[in-house]
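Commentary on secondary and tertiary structure
Take a look at the letters that make up each chain.
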Amino acid sequence: MNTVLLQYALEVEKTGSITQAAANLYMDQPNLSKAIKTLEESLGAPIFKRTSKGVVPTARGRIFLEHARDVLVQIERMEHLYKPNEVKGVEFSLSMPRASYLSLAFSRFVRNLDREEGMNIWLRETNSTDTLKDVETGEYNLGIIRYQSSLEGQYAQAAAAKGLLWEPVFQYSLRLLMSADHPLAGKKEITTEDLIPYIEITHGDGTIGRRESWEKKGRLPESAKRVYVFERGSQFNLLLEDPHTYMWVSPMPEEILTRYHLVERQCRKRAGTFRDTLIYRKGYSFTAWDKAFLKELEAVKRIF
């Protein structure tokens, strides 16, 4: 079987769209459709079906794609075995939530790399749903997902269904992040009622997904005043420039708080804990660079 066709099928699965997959593969959409049809005919069964949400795998197609992914991984390993000199420099990829303690660990990891080596490093900050997909498809080797502790069973089931293993990274309660000049910064005990006059900053692609996901689910934001951002720089600039804004965050390193003139505060009536969890594909062997990053992560966690 032509492994190029396997790559085509996996790209269609990743994008959920023949058109987008064709664009990513730098080929015409009719040619990609024909290639997928040829593959399906050789198998004697359809791999994909069209739905209102786009192109999705059939039940048998999902099993086939899992095997296709394993085949390509094995081929890549064999190539590396016999062509070791072609692998030069750092190879590292991580999909993770927007968390300052994770960002700090990543920055320290990069800082300590050998400057003489080549580097091919990928970092994506996104929601847990996208991270699960990133690691499942092999686009990223490591992922860190974030969820409420009460939903651990749901996420464990989702990870297992995608052939992923996981290890706990960090458990914490959310806290408030605000400017040191915020009117509530000097208050010892903050309640949710205290926050009503102020503007909440939140990530536009949170755990459940993007804006349209909120609208389809009919869920309204808890705060009547919200600014949705997608970039870390934007959130810090807003907090710094407007002392009437705040965010719910995981623990923040002291050096970040000092740099941006921010403070952390606890809030009464904000129940529940959250967990950040490392995920990776079954059979994946951690590289020396993966281990180096995880070592930096452990060092950062010890400051809390």
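For the structure itself, look to the data block above.
All of the points below concern the structure found in this document.

Turning next to the overall build of the protein chain. Looking only at helices and strands, the protein chain features 11 helices and 12 strands. For the protein chain, buried positions account for 42% of its 304 residues. Nonlocal contacts in the protein chain, meaning residues at least 24 apart in sequence, comprise 74% of its contacts between residues at least 6 apart. With an accessible surface of roughly 17,000 Å², the protein chain has 51% of that area assigned to carbon and sulfur atoms.

The next point concerns the pairing of strand β3 (residues 90-96). Here β3 lies mainly inside the structure; 6 of its 7 residues are buried. Pairing between β3 and strand β4 (residues 119-125): 7 bridges, direction parallel. Its bridge partner lying in β4, M96 is registered against E125. Considered for its hand, the β-α-β crossover made up of β3, helix α5 (residues 100-111) and β4 is right-handed.

Residue placement: L104 occurs in helix α5. Along the backbone, L104 and V300 are 196 residues apart, and their C-alpha atoms lie at a distance of 7.5 Å. Apart from residues lying up to four places away in sequence, L104 is in contact with P253, E255 and V300.

Turning next to helix α1 (residues 3-15). Here α1 is 13 residues long and its end C-alpha atoms lie 19 Å apart, about the 18 Å a rise of 1.5 Å per residue gives. Regarding α1, the residues found buried are L5, L6, A9, L10, E11, V12 and E13. One or two positions beyond α1, positive phi appears at G16, with a value near 70 degrees.

Moving on: the sheet that holds strand β9 (residues 226-229). Two pairing modes exist for strands in a sheet, parallel and antiparallel, and in both the strands are linked by backbone hydrogen bonds. Spatial ordering of the open sheet is given by β9-β8-β10-β7-β11, a layout of 5 strands whose pairing is mixed. Strands at the two margins of the open sheet, each flanked by one partner only, are β9 and β11 (262-265). Between one strand axis and the next, the sheet turns through 30 degrees on average, direction left out of account. Sheet analysis places strand β7 (residues 175-179) next to β11, joined by 4 bridges and oriented antiparallel. Counted as the bridge partner of M178 is V263 from β11. Across the sheet, helix α9 (residues 232-241) touches β7, β8 (199-203), β9, β10 (245-249) and β11, and the angle it forms with β10 is around 135 degrees.

As a further point, take the sheet that holds strand β12 (residues 274-281). Strand order in the open sheet formed by 5 strands is β4-β3-β5-β12-β6, with mixed pairing between adjacent strands. Since the sheet does not close on itself, it has two edges, and those belong to β4 and β6 (164-172), each with one partner. Averaged over all adjacent pairs, the angle separating strand axes in this sheet is 15 degrees, with direction ignored. Helix-sheet contacts for α5 involve β3, β4, β5 (142-148), β6 and β12, and the interaxial angle to β3 is about 175 degrees.

A few words now on the packing of aromatic side chains. Scanning all chains against the criterion turns up 15 aromatic pairs. For the pair F170 and F304, a centre-to-centre distance of 5.8 Å together with 25 degrees between the ring planes defines the contact as stacked. Here F170, found in strand β6, pairs with F304, found in the segment after α11 (288-301); they are 134 residues apart in sequence, far enough to count as distant. One aromatic cluster is present, formed by Y101, F170, Y172, F274 and F304 through successive ring pairs.

In this structure, F92, Y101, L176, M178, L195, F293 and L297 are the most contacted members of the largest nonpolar core, which totals 37 residues. Contributions of two or more residues to this core are made by β3, α5, β5, β6, β7, β10, β12 and α11. A9, L10, A21 and V55 belong to the second-largest nonpolar core, a separate cluster that totals 19 residues.

This paragraph deals with the packing of α1 against helix α3 (residues 29-43). Remark: α1 packs on α3, axes separated minimally by 10 Å, with the N-to-C direction vectors making an angle of 110 degrees. Put simply, α1 runs roughly perpendicular to α3. Taken as a pair, α1 and α3 cross one another with a handedness that is left-handed. Residues L5, Y8, A9 and V12 of α1 form the contact with α3, whose participating residues are L32, A35, I36 and L39. Classifying every residue of the contact of α1 with α3 gives 8 nonpolar, no polar and no charged.

About the cut-offs
- Residues numbered from 1 in each chain as written.
- Predicted model: local features only at pLDDT ≥ 70, side-chain atom pairs only at ≥ 80, totals over all residues.
- Heavy atoms only, no water.
- Helix = DSSP H or I, 4+ residues; strand = E, 2+ residues; numbered from the N terminus.
- Buried < 20%, exposed > 50% of the residue type's maximum accessible area, 1.4 Å probe, protein only.
- Contact = heavy atoms within 4.5 Å.
- Areas by Shrake-Rupley, 256 points an atom, 1.4 Å probe, with all protein chains shown as cover.
- Pairing = 2+ DSSP bridges.
- Right-handed = clockwise from strand over helix to strand, strands pointing away.
- Expected span 1.5 Å × (residues − 1).
- Axes fitted to C-alpha atoms, helices over the stretch in contact; angles between N-to-C directions.
- Phe/Tyr/Trp six-rings, centres within 6.5 Å; stacked < 30°, edge-to-face > 60°.
- Core = buried A, V, L, I, M, F, W, Y, C linked by side-chain atoms within 4.5 Å.
- Parallel < 35°, antiparallel > 145°, perpendicular 65-115°, else oblique.
- Left-handed = near helix turned anticlockwise from the far one by under 90°.
- Nonpolar A, V, L, I, M, F, W, Y, C, P; charged D, E, K, R; others polar.

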